[in-house]
Amino acid sequence: MLSSADLSFSRTLPIVVFNQLGELLEQMAQTVGSATLVLTEAVLVRIGIPVEWQRQRFTLVVSEQFSALLVGDFEEEQGSRGAGGQGLYSEINAQLTFNLEAIASFVCELRHLFECDSYTHQNLERYQQIIRPNDATLQSQFSLLLLEYLLTQPNQEIIAPPSPIGPAVYICQPVEDALKKQISQERLLNQVTTQIRKSLDLPVIMATAITQVREFLELDRLVIYKFAGSQVKAQQYQSDTIPLNETALLTGMELSVREPAKIYFSIHENNGKHSPFVSVNNQPLLKDCQKYGGYIVYEARATDTITSVLNYTEKNCFIRTSQCWEKYRQGFTLAVDDIEKTYALEECLLHFLRKCQVRAKLAAPIMFEDKLWGLLIAHQCDRPHEWSDSEKNLLVAIAEQLAIAIHQAELMQTLTQEKQNLEQRVIERTMALRDALLAAEAANRLRSEFLATISHELLTPLTYVIGMSSTLLRWPLGELSQRQRGYLQTIHDSGEHLLEMINDILDLSQIEAGKTALNISEFSLVNVAENAVKSLQKKATSEQINLILDLQINPRCDRFTADAERVEQIILNLLTNAIKFTPESGSVTLRLWVEDNTAIFQVEDTGIGIPEEQLPLLFEKFQQLDTPYRRCYEGTGLGLALTKQLVELHRGRIEVESTVSIGSIFTVWIPTQAVRVVS
């Protein structure tokens, strides 16, 4: 800051006089010409500044012919600023100097504040180097202006505020107007909040909100600007390539387009310089857009005479300033009362704003979950405008409500997308499963048909083998030697075993092909059980296994309706399986009883048992639970698979309990059947 030794003039002045001195310096700058730089404290509103600069006001004039500096410093931190920027104070410590070193030192300190903005930093450095001693004629001219000002107001005093004893209208009317405006603002905010709660239609919410706010604040233009990296998508506006000022975007300047225009922006290199422009039909440009820029999604204008910059062309004069993004993320609200003062150091940007008919602007960030989604920007197009605290607060409150609406829309979009993805995955999975099922059914059908065909073709020669071997075995003993008779017995037994396997394959293939019919009739359960035990008694005796029949059935419940042949086949398969896997001196028991019109068969053995992890494979076709490397039991593994199919064909069920080295218990439930042929 300046020290008193550098000053030509220093005293405490009324704030009104201080403002008028600043206006005299600005008037003098207009006399000098266009090469003169005029800066006020307004240039600092778009950057973060130290506390000492926040209490300071200044007017700086720099040129090769005339330079001057007027600095004012409030003794305490300024309160809420009213009209004219006086705040709660009516006096200011003023310092006016024409000293070259003091002016150069002030410009240097000012330049340090813009280190994050290389263009402004270089511009200030250039003006610092052109400071020269003031031209005597221009210095005299300013003295005459100052003298004229003093002579026209020889006894200027501060105008006292109205007496509290005066007419009530002068005191109460402003308060009443302020209260009415505050109530209207709260009513408007409540309308926006209510609409957000009742609707998830983000375009309608935004379009309605900005229209209402623009009308309430009497703005020339109100727009919503969306950063390209934000998630809620907007439809692309079908337009030609549209150039764009990037620095203006990052500091809160937005292009105005009519709803429902949605514009994508991007930055491209052109001869080493940034050339900002937009393309909506070129995908590579969209990637750059997401990295650097954004787009206007909604706009409300007071009249159609306000310029739309949709087709505006601007070339190579802006530099990207990412610092501005971070400011908005921290909740910074940009208030520019007059672009002519705020952007005095950026000629190209100033020219751009003039072309867009922006004279004053107010930008509030739209944020949710610590993410910067976009900006809500108010424009006054043809005049400077000092933004009041109530206007700032309303714009910030509306931006917060829009953030809630955007968050709701984003959640709904995410939910909808996930639902669509889930539905698509379900459809794809269903189609894949259907295709797999059709393929499996086709393969299974072909296999069953193949097995049935092959098995049928094997039956004819096998019948000859079994029949002729049986005939030869019945010949008198003298005609065949004992060795020949042994060979014939082996041929006969192998044929019988092969016939059983072929019959099982045929039965299984017929059931899987849906060609098996049950021959339902009434029969005696006891007779079926006794016949099954009798037919296997010889085999059990040869294996030294005790075969037991345990009938727990009331004679009055002996009559049962089902397919007697298939029921006997089920019992035979279970008994044969039990005998096969039961060691010598073991026992196999068949129990039979009836419960609730359901016949229950239980086959219990003291065999080798089944490991728990292999139980799921027990009823699979062509499965034997002992491995091929230690196979010691004959069979194809079709017996239990066929048994399960026959049980299910009767709408029954089969279960097994087994313990290794102790034995197994197979239990079958078969309900009584209707007297008809069931396919």
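Residues numbered from 1 in each chain as written. Predicted model: local features only at pLDDT ≥ 70, side-chain atom pairs only at ≥ 80, totals over all residues. Heavy atoms only, no water.

### Structural notes on the overall build of the protein
Phase 1: Looking only at helices and strands, the protein has 17 helices and 20 strands in total.
Phase 2: Taking all 679 residues of the protein together, the buried fraction comes to 45%.
Phase 3: Across the protein, contacts joining residues at least 24 apart in sequence account for 73% of those joining residues at least 6 apart.
Phase 4: About 36,000 Å² of surface is accessible on the protein, with carbon and sulfur atoms providing 52% of the total. (Helix = DSSP H or I, 4+ residues; strand = E, 2+ residues; numbered from the N terminus. Buried < 20%, exposed > 50% of the residue type's maximum accessible area, 1.4 Å probe, protein only. Contact = heavy atoms within 4.5 Å. Areas by Shrake-Rupley, 256 points an atom, 1.4 Å probe, with all protein chains shown as cover.)

### Here we look at the sheet that holds strand E20 (residues 663–671)
Phase 1: The five strands lie next to each other as E15-E17-E18-E20-E19, forming an open sheet whose pairing is mixed. On the outer flanks of this sheet lie strand E15 (546–551) and strand E19 (653–659), each paired with one strand and no other. Each neighbouring strand pair of the sheet contributes to a mean axis angle of 15 degrees, computed without reference to strand direction.
Phase 2: Of the strands in this sheet, E15, strand E17 (587–595) and strand E18 (598–605) are in contact with helix H15 (residues 525–542), which crosses E15 at around 175 degrees.
Phase 3: Helix H17 (residues 639–649) contacts E19 and E20 of the sheet and is inclined by roughly 140 degrees relative to E19. (Pairing = 2+ DSSP bridges. Axes fitted to C-alpha atoms, helices over the stretch in contact; angles between N-to-C directions.)

### Digging into the sheet that holds strand E3 (residues 56–62)
Through backbone hydrogen bonds, the strands of a sheet pair up, either in parallel or in antiparallel fashion.
Phase 1: On the basis of which strands lie adjacent, the open sheet formed by five strands has the order E1-E5-E4-E3-E2 and antiparallel pairing. Each edge of the sheet is formed by a strand with only one pairing partner; in this case those strands are strand E1 (9–14) and strand E2 (37–40). Each neighbouring strand pair of the sheet contributes to a mean axis angle of 15 degrees, computed without reference to strand direction.
Phase 2: As defined by bridge partners, E2 adjoins E3 across four bridges and the pair is classed as antiparallel. The residue bridging Thr 40 from the neighbouring strand is Thr 59, located in E3.
Phase 3: Helix H1 (residues 15–32) contacts E1, E2, E3, strand E4 (68–73) and strand E5 (91–97) of the sheet and is inclined by roughly 20 degrees relative to E3.

### Points about the side chain of Arg 591
Phase 1: One can find Arg 591 in strand E17.
Phase 2: Among the polar contacts made by the side chain of Arg 591, one reaches the side chain of Glu 604 at a distance of 2.6 Å.
Phase 3: Not counting residues up to four positions away in its chain, the partners in contact with Arg 591 are Asp 550, Gln 552, Ile 600, Phe 601, Gln 602 and Glu 604. (Polar contact = N/O pair within 3.5 Å; in protein donor to acceptor, adjacent residues only side chain to side chain.)

### With respect to the pairing of E3
Phase 1: By the criterion of burial, E3 is predominantly enclosed, with seven of the seven residues buried.
Phase 2: Side chains of E3 alternate between two faces, with Gln 56, Phe 58, Leu 60 and Val 62 and Arg 57, Thr 59 and Val 61 buried alike.
Phase 3: With six bridges connecting them, E3 and E4 associate as antiparallel partners. Bridge pairing links Gln 56 to Asp 73 in E4.
Phase 4: Between E3 and E4, which follow one another and run antiparallel, lie five residues.

### What about H15?
Phase 1: With 18 residues, H15 extends 27 Å from end C-alpha to end C-alpha; this agrees with the ideal 26 Å at 1.5 Å per step.
Phase 2: The sharpest bend along H15 reaches about 45 degrees and sits at Leu 536.
Phase 3: Within H15 the residues assigned to the buried category are Leu 525, Val 526, Val 528, Ala 529, Ala 532, Val 533, Leu 536 and Ala 540.
Phase 4: Residues of H15 that are buried make contact with strand E14 (521–524), E15, strand E16 (559–562), helix H16 (564–580), E17 and E18.
Phase 5: Gln 544 sits one or two positions beyond H15 and adopts a positive phi of about 55 degrees. (Expected span 1.5 Å × (residues − 1). Bend = angle between axes of the 7 residues up to and from the residue.)

### Observations concerning the packing of aromatic side chains
Phase 1: Scanning the model with the defined rule gives eight aromatic pairs in all.
Phase 2: An angle of 85 degrees between the planes, with centres 6.3 Å apart, marks the rings of Trp 53 and Phe 58 as edge-to-face. Phe 58 carries the same exposure label as Trp 53, and that label is buried.
Phase 3: Where Phe 523 meets Phe 560, the ring centres are 6.2 Å apart and the plane angle is 80 degrees; that geometry is what we call edge-to-face. Of this pair, Phe 523 sits in strand E14 while Phe 560 is found in strand E16, placing the two residues 37 residues apart along the sequence.
Phase 4: The exposure class assigned to Phe 560 is buried, which follows from its relative accessible area of 5%. (Phe/Tyr/Trp six-rings, centres within 6.5 Å; stacked < 30°, edge-to-face > 60°.)

### Some remarks on the packing of helix H3 (residues 100–113) against helix H4 (residues 118–129)
Helix packing for two helices is described by the angle between their axes and how far apart those axes are.
Phase 1: Viewed as axis vectors pointing N to C, H3 and H4 meet at an angle of 170 degrees, and their least axial separation amounts to 9 Å. Between H3 and H4, the angle is such that the two are roughly antiparallel. Here H3 contributes Ala 104, Val 107, Cys 108, Leu 110 and Arg 111 to the contact with H4, which in turn contributes His 121, Leu 124, Glu 125 and Gln 128.
Phase 2: Its residues assigned to classes, the contact of H3 with H4 comprises five nonpolar, two polar and two charged. (Parallel < 35°, antiparallel > 145°, perpendicular 65-115°, else oblique. Nonpolar A, V, L, I, M, F, W, Y, C, P; charged D, E, K, R; others polar.)

### Notes on the nonpolar core
Phase 1: Counting residues in hydrophobic clusters, the biggest one holds 43 residues, and the most contacted among them are Leu 575 and Phe 601.
Phase 2: Only helix H14 (482–512), H15, E16, H16, E17, E18, H17 and E20 provide two or more residues apiece to this core.
Phase 3: Residues in contact with Leu 575, not counting those within four places in the same chain, are Ala 532, Val 533, Leu 536, Leu 547, Val 588, Leu 590 and Val 603.
Phase 4: Ranked by size, the runner-up nonpolar core spans 36 residues in total, among them Leu 188, Ile 196, Ala 335 and Ile 406. (Core = buried A, V, L, I, M, F, W, Y, C linked by side-chain atoms within 4.5 Å.)

### Here's the deal with the environment of Ser 184
Phase 1: Examined against the element boundaries, Ser 184 turns out to sit in helix H6 (residues 168–198).
Phase 2: Residues Ser 184 and Phe 216, 32 residues apart in the sequence, show an inter-C-alpha distance of 8.5 Å.

### A look at the confidence of the model for the protein
Phase 1: Of all residues in the protein, 77% have pLDDT values of 70 or greater, and the mean over the chain is 77.
Phase 2: Note that pLDDT drops below 50 for residues 1–7; the model gives that stretch 15 contacts with residues more than four away or on any other chain.
Phase 3: Scored below 50 in pLDDT, residues 233–292 makes 177 contacts in the model with residues more than four places away or belonging to other chains. (pLDDT = per-residue confidence, 0-100.)

### Side note on the environment of Val 17
Phase 1: Summarising the element assignment, Val 17 is placed in helix H1.
Phase 2: For the pair Val 17 and Ala 94, spaced 77 residues apart in the sequence, the C-alpha separation amounts to 9.8 Å.

### Observations regarding the pattern of salt bridges
Pairs can form between side chains of opposite charge once their charged atoms are near each other.
Phase 1: Counted under the stated rule, the structure contains 14 salt bridges.
Phase 2: Where Glu 346 meets Arg 46, a salt bridge forms, and the shortest distance between an N and an O atom there is 2.1 Å. Taken together, the residues span a long stretch of sequence, with Glu 346 in the loop between helix H11 (339–342) and helix H12 (347–355) and Arg 46 in the loop between E2 and helix H2 (51–54) at a distance of 300 residues. Residues Glu 346 and Arg 46 agree in their burial class; the two are buried.
Phase 3: A salt bridge links Lys 644 to Glu 648; its shortest N-O distance comes to 2.5 Å. Of the two residues, Lys 644 and Glu 648 both sit in helix H17, four residues apart, roughly one turn of that helix. (Salt bridge = Lys/Arg side-chain N within 4 Å of Asp/Glu carboxyl O.)

### Some thoughts on the state of the cysteines
Phase 1: According to the stated counting rule, one finds zero disulfides in the structure shown.
Phase 2: In this structure Cys 356 is not part of a disulfide, and its nearest cysteine sulfur, from Cys 381, lies 9.5 Å away. (Disulfide = S-S within 2.5 Å.)

### Considerations on the pairing of strand E12 (residues 360–368)
For a regular strand, side-chain orientation follows a simple rule: the groups alternate between the two sheet faces.
Phase 1: Counting buried positions over the nine residues of E12 gives eight, a clear majority of the element.
Phase 2: As paired elements, strand E11 (residues 334–336) and E12 share three bridges and run antiparallel to each other. Bridge pairing in E12 places Val 336 opposite Lys 361.
Phase 3: Pairing geometry for E12 and strand E13 (residues 371–380), over nine bridges, is antiparallel.

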